[in-house]
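Notes for the structure review
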Amino acid sequence: MDFPPVQPKPPSGLGLGSSDAKIAYPPGVKEITDKITNDEVVKRLKMVVKTFMDMDQDSEDEKQQYLPLALHLASEFFLRNPNKDVRLLVACCLADIFRIYAPEAPYTSHDKLKDIFLFITRQLKGLEDTKSPQFNRYFYLLENLAWVKSYNICFELEDCNEIFIQLFRTLFSVINNSHNKKVQMHMLDLMSSIIMEGDGVTQELLDSILINLIPAHKNLNKQAFDLAKVLLKRTVQIIEASIANFFNQVLVLGRSSVSDLSEHVFDLIQELFAIDPHLLLSVMPQLEFKLKSNDGEERLAVVRLLAKLFGSKDSDLATQNRPLWQCFLGRFNDIHVPVRLESVKFASHCLMNHPDLAKDLTEYLKVRSHDPEEAIRHDVIVTIITAGKRDLSLVNDQLLGFVRERTLDKRWRVRKEAMMGLAQLYKKYCLHAEAGREAAEKVSWIKDKLLHIYYQNSIDDKLLVEKIFAQYLVPHNLETEERMKCLYYLYASLDPNAVKALNEMWKCQNLLRSHVRELLDLHKQPASEANSSAMFGKLMTIAKNLPDPGKAQDFVKKFNQVLGDDEKLRSQLELLISPTCSCKQADVCVREIARKLANPKQPTNPFLEMVKFLLERIAPVHIDSEAISALVKLMNKSIEGTADDEEEGVSPDTAIRAGLELLKVLSFTHPTSFHSAETYESLLQCLRMEDDKVAEAAIQIFRNTGHKIETDLPQIRSTLIPILHQKAKRGTPHQAKQAVHCIHAIFTNKEVQLAQIFEPLSRSLNADVPEQLITPLVSLGHISMLAPDQFASPMKSVVANFIVKDLLMNDRSTGEKNGKLWSPDEEVSPEVLAKVQAIKLLVRWLLGMKNNQSKSANSTLRLLSAMLVSEGDLTEQKRISKSDMSRLRLAAGSAIMKLAQEPCYHEIITPEQFQLCALVINDECYQVRQIFAQKLHKALVKLLLPLEYMAIFALCAKDPVKERRAHARQCLLKNISIRREYIKQNPMATEKLLSLLPEYVVPYMIHLLAHDPDFTKPQDVDQLRDIKECLWFMLEVLMTKNENNSHAFMKKMAENIKLTRDAQSPDEPKTNEKLYTVCDVALCVINSKSALCNADSPKDPVLPTKFFTQPEKDFCNDRSYISEETRVLLLTGKPKPAGVLGAVNKPLSATGRKPYVRSTGTEPGSNANANSELNPSTGNRSREPNSETSETGVSENEENPVRIISVIPGKVEPVKNKVKRNSFKKGGDDGQIKTGSSFCKN
């Protein structure tokens, strides 16, 4: 029921101040005055209330009769009465009076109306206590006011807003969780009628509603929040304009004084949006304006707000307001770091709640994954992984790719988060298959990627990969059968590089176990200075295998001290690393050792953490005898066809082959675990299989683990021997090799066994049937190497009469003249394969003898040199094909390099033979260069080859293929690093500095380049430029650091060489001139690249007498062999008329190095046509300027080159991060690490 606006009445009417009108009271009610007691007043008022309650609007007589009473009840006596009950009863009466007299209120004075409504409002506070005896009367009051809409009469009052504000505040303050829905409904009716029927909502009134949405108030009174929420929903059409005005004043005009809630605008927007987005229709464009504010903190606040609005589950703001969404996405590239960070954090909720927006977010997350700020890159990973763990379908392949990239981040925290995140996804979706096969396939690459990281140089990365493997890839807490099944199928599905990494991981753990075992052995020896020194060296080695090696050294020393004092602890550690320790025992040992070292008073114990790292690395948590048995059973099932191979996504053949490879690797690290009849029976079954690889692996497992077969398992021995004999005679070359080594390793009567193989094979050699020669030659070569005392002499006649005379010196077949420089293995003729094996047999025979008493080595070296000089065509009858000649050149060069690893043969290799060997790295055939370089690197990195062979890498500066030059540089970096580290770790190595110190490669390099067949004219600028390129290729790596004044030391070496003569031709003036000229070029390069080279050399360098004569007393050579003009030309780097290989294509008269015939594939700016066909017979052609041959482009050998990935990981170098130029105003890094190894490239 509505009241009309108040109409002023004539003064003559009955007013509040009239004393003439007689007050009529209901029957039985005496006069109510201030003369009676409060109790009496209450008693009489109750009867009055009852009377008014029973009256309705149609009772005209009663209305007239009780009008004076109605006016009397509005007097000061009642409105200001101190008694609560009196006030309540009067308020109920007044409420009924407004109901009865509607639409005409009996009160004409605006002031009195204001007093009355403020009085009624104050009484509504009684609603707060629902347990009060008077609560029903308060409820009646509220209900009456709401139903009649009594407050609407106030609209015409000048200060009605004060009444409304008071009313709203009162209702919001009294509402609580004890009220029922009726109370809330009446309150809503009362307030909504005021909003809906008024001319607008003032700011103060709006504040009285909005204040209940602020988090602090919301937490204090949830019911008030709910009431405000429903009220706003009900009045959205009317109140929206007032809300828009408020936010416009604060956000756009910056008038924070308009309201006390100005500082809470963003909290209010969030709550209002959650209540009803229509409340903010006009506010959203204002937020777009705020997003572009110059104040970073203000942008941050708006981003935080919008992140909640866009990210909330039911929000469709992004689709409804695209301009705002695009503007918000722009904040991902904000210059202010906290803004970018907040944007990235938002992405996680958005991906989970709004998968449809993933496409919009992907590009921005990509940029942020390269952010210069570590925290932002870290949070990008957290965002993607969190969403992926919720549901893999929420993250696309591109987003997972960003996490993949960050596994190579330059910051450990970011790398760790990326690796752990990927590991969790793998375990959830691949191991537990929580989302089916499709999801498992989507993240199947994770296992390979995580294992590739083991190639990184950082020990932290390696340790984390080991932890991930033990907890996520193959959880160690699974039961043995389940664990081995997991490992079996993981190994079968890994890519080759991941397999190598996993093998390397087991190898490193096994090596660390052996270090700890040796340390414990030292504890058993009596104390001595030598023992202490050995123990210190062992401790330093162990510390290098733990995180933060600097701190680890102190902790390892402390642990060693504890081991020395505690015998029980030593016995626990011995049990842990013993070959017979089971996985369960290992777990007990680790816990027992940790318990002994724990300190209850020290919650964070870095010493204990470091020891735990060590124990986790050496504990056999995966493999024991039971595990090997389970693996063998799995493989048997695959052989029988009863395994789950197909279900696991692996073919049975792949599973069997991978299973054998896995067992082969474990046979190196856990040989004792294989010793059971059941295991060996299964391996014998594998030996009989047709798959050559499977049989080969089985033989190698016997070789590694069978040392007790002869004594403990005679039945296995009697079955194994004839199989090994058969494989050595008629198996594949690899099987033959393994069979011979197996017999030598596990049988005591090996001489008899080997003789039974040697004699029939040596008698049956027939050069006319080359395809049947290969396996016998392999077996004979390995037999003569393993048992030289028994077979060296008989082999000599075989070598002289058959190998050299009959096989190598004869060409029985004519090769295919197709012009190719290389052919796949399957296309190589059997005769050439036999010749290659014959060369290897010669080397093995000599390596077995290890002496040159019969001068056989000299003869062999002359034969190998002749093969290089003749370019592989030893007979020079032109019957052999180009590709076969390449194979033989490679075999000859590799053979010389192999012999050089034995000191007695290294001494007799002449400088000329060394140079011939070196020039193989500049061979015309790409594959020859590639394979030779990798063999060279492999031997150097193991410190098997003399230092002079490292000088060969200098010639790689001439290689036309960029990737080959890059590979050579990585090899140099690795070799130099290993040699320097070896010198540091081995104090005794200082006695052998001439063969270890990397700087000593300089004289060998200078001598090698002086004898380069391309260097014919010492004054030719182009040739000198080539020499300079080769020198700098080596010197650049050596001069990265000036350790111990090494720059001055290298300069001193070059100066000293000028005081000697070339030992190869000491009396040949031109030879010496070339040597001195190369020295001057080297000095020129060193002087130009280092300001520190002029310091005094720390020691006088020693020059190798094999290459340089002793300096003569009176000989002084201060002549400069390159003119000043030439010096300037060499250093300015002006464009050369031909590439570095311009001279390589010249025919060689005495070296055997084949000229480059073609160079295909170009870099930008080259004029060479990558697809042009060059006829090998057209002679020598210079290389186009600036041209490069790409390893992935068209092969220079008319076919795709063989890609051989080195087992040795490439040097990992941190690369500064790159940020897209326009991503934000201040640039930075992307946190990227790139690696030289092909499988880690981004």
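Here the structure is a predicted model, which means the values were calculated and not measured.

**Quick notes on a negative patch on the surface**
On the surface, E479, E481, E482, E626, E647 and E648 cluster together into a negatively charged patch. Among the secondary structure elements, E481 is positioned in helix α27 (residues 480–493). The exposure class assigned to E481 is exposed, which follows from its relative accessible area of 62%.

**A short note on the side chain of S343**
With respect to the secondary-structure elements, S343 resides in helix α19 (residues 337–353). The class for S343 is buried, based on a relative accessible area of 0%. Not counting residues within four places of it along the chain, the set of residues in contact with S343 comprises V303, R331 and F332.

**Here we look at the packing of aromatic side chains**
The full count for this structure, using the stated rule, is 17 aromatic pairs. Relative to F346, the ring of W325 lies with its centre 6.1 Å away and its plane at 70 degrees, an arrangement referred to as edge-to-face. With a gap of 21 residues between them, W325 in helix α18 (residues 322–329) and F346 in helix α19 connect regions that are remote in the sequence. An identical accessibility class is assigned to W325 and F346; each is buried. Each ring, one from F914 and one from F1107, has its centre 6.1 Å from the other, and the planes form 70 degrees; the classification is edge-to-face. Linking F914 in helix α48 (residues 911–918) with F1107 in the loop between α55 (1069–1089) and α56 (1124–1132), this pair joins segments that are 193 residues apart in sequence. With a relative accessible area of 2%, F914 lands in the buried category. Chaining the aromatic ring pairs together yields one cluster made of F310, W325, F328 and F346. The ring centre of F225 lies 4.6 Å from the NZ or CZ of K218, which sits over that ring. A cation over a ring is seen here: K462 above Y454, with NZ or CZ 4.9 Å from the ring centre.

**Structural notes on the pattern of salt bridges**
Taken as a whole and assessed by the stated rule, the structure comprises 45 salt bridges. As a salt-bridge pair, K218 and E271 come within 3.1 Å of each other at their nearest N and O atoms. With a gap of 53 residues between them, K218 in helix α11 (residues 215–220) and E271 in helix α14 (residues 265–275) connect regions that are remote in the sequence. Salt bridges linked by common partners bring R377, E405, R406 and D409 together as one network.

**Concerning the packing of helix α53 (residues 1021–1038) against α55**
Following both chains from N to C, one finds α53 and α55 inclined at 55 degrees, their axes separated by 10 Å at the closest point. Comparing the axis directions of α53 and α55 gives the class oblique. As for how α53 packs across α55, the hand of that crossing is right-handed. When α53 is examined against α55, the residues L1024, I1027, K1028, L1031, W1032 and L1035 are found in contact with a partner set consisting of T1077, V1078, V1081, A1082, V1085, I1086 and K1089. Grouping the constituent residues of the contact of α53 with α55 by class yields ten nonpolar, one polar and two charged.

**What to know about helix α54 (residues 1046–1057)**
Spanning twelve residues, α54 covers 17 Å between terminal C-alpha atoms, matching the ideal 16 Å at 1.5 Å per step. Turning to α54, its buried residues are S1046, H1047, A1048, F1049, M1050, K1051, M1053, A1054, N1056 and I1057. In this structure, the buried side of α54 is in contact with α52 (1001–1010), α53 and α55.

**Examining the nonpolar core**
Side chains of a nonpolar character, in soluble globular proteins, are inclined to be buried together. Counting 362 residues, the largest nonpolar core has L94, Y151 and F247 as its most contacted members. When residues in this core are grouped by element, the largest group, 13 residues, is from helix α5 (residues 84–101). Discounting chain neighbours no more than four positions away, the residues touching F247 are V252, V265, L268, I269, L272, L280, V283 and Q286. F555, V556, V590 and I618 belong to the second largest nonpolar core, which has 35 residues in total.

**Thoughts on helix α41 (residues 750–763)**
The α-helix winds at 3.6 residues per turn, so residues separated by three or four positions along the chain end up facing the same way. For α41, spanning 14 residues, the distance from its first C-alpha to its last is 20 Å, which sits close to the expected 20 Å at 1.5 Å a residue. All of the buried residues along α41 are Q753, L754, A755, I757, F758 and L761. Buried residues belonging to α41 abut α39 (714–730), α40 (733–746), α42 (774–786) and α43 (788–808).

**Quick notes on the confidence of the model for the protein chain**
Here the protein chain shows a mean pLDDT of 81. Residues at 70 or above account for 88%. The model gives residues 1–20 a pLDDT under 50, and that stretch makes 39 contacts with residues more than four places away or in other chains. Predicted confidence is poor over residues 1135–1242, with pLDDT under 50, and the contacts of this stretch with residues over four places away or in other chains come to 280 contacts.

**Re the environment of D295**
Topologically, D295 is positioned in the loop between α15 (284–291) and α16 (296–311). The class of D295 is partly exposed, set by a relative accessible area of 41%. Along the primary structure D295 and H336 are separated by 41 residues, whereas in three dimensions their C-alpha atoms are 9.5 Å apart.

Scoring rules and cut-offs
- Residues numbered from 1 in each chain as written.
- Predicted model: local features only at pLDDT ≥ 70, side-chain atom pairs only at ≥ 80, totals over all residues.
- Heavy atoms only, no water.
- Patch = residues over 30% accessible without salt bridge, like charges linked within 9 Å, V, L, I, M, F, W, Y side chains within 5 Å.
- Areas by Shrake-Rupley, 256 points an atom, 1.4 Å probe, with all protein chains shown as cover.
- Salt bridge = Lys/Arg side-chain N within 4 Å of Asp/Glu carboxyl O.
- Lys, Arg positive; Asp, Glu negative; His and termini not counted.
- Charge placed at Lys NZ, Arg CZ, Asp CG, Glu CD.
- Helix = DSSP H or I, 4+ residues; strand = E, 2+ residues; numbered from the N terminus.
- Buried < 20%, exposed > 50% of the residue type's maximum accessible area, 1.4 Å probe, protein only.
- Contact = heavy atoms within 4.5 Å.
- Phe/Tyr/Trp six-rings, centres within 6.5 Å; stacked < 30°, edge-to-face > 60°.
- Lys NZ or Arg CZ within 6 Å of the ring centre and 35° of its normal.
- Axes fitted to C-alpha atoms, helices over the stretch in contact; angles between N-to-C directions.
- Parallel < 35°, antiparallel > 145°, perpendicular 65-115°, else oblique.
- Left-handed = near helix turned anticlockwise from the far one by under 90°.
- Nonpolar A, V, L, I, M, F, W, Y, C, P; charged D, E, K, R; others polar.
- Expected span 1.5 Å × (residues − 1).
- Core = buried A, V, L, I, M, F, W, Y, C linked by side-chain atoms within 4.5 Å.
- pLDDT = per-residue confidence, 0-100.

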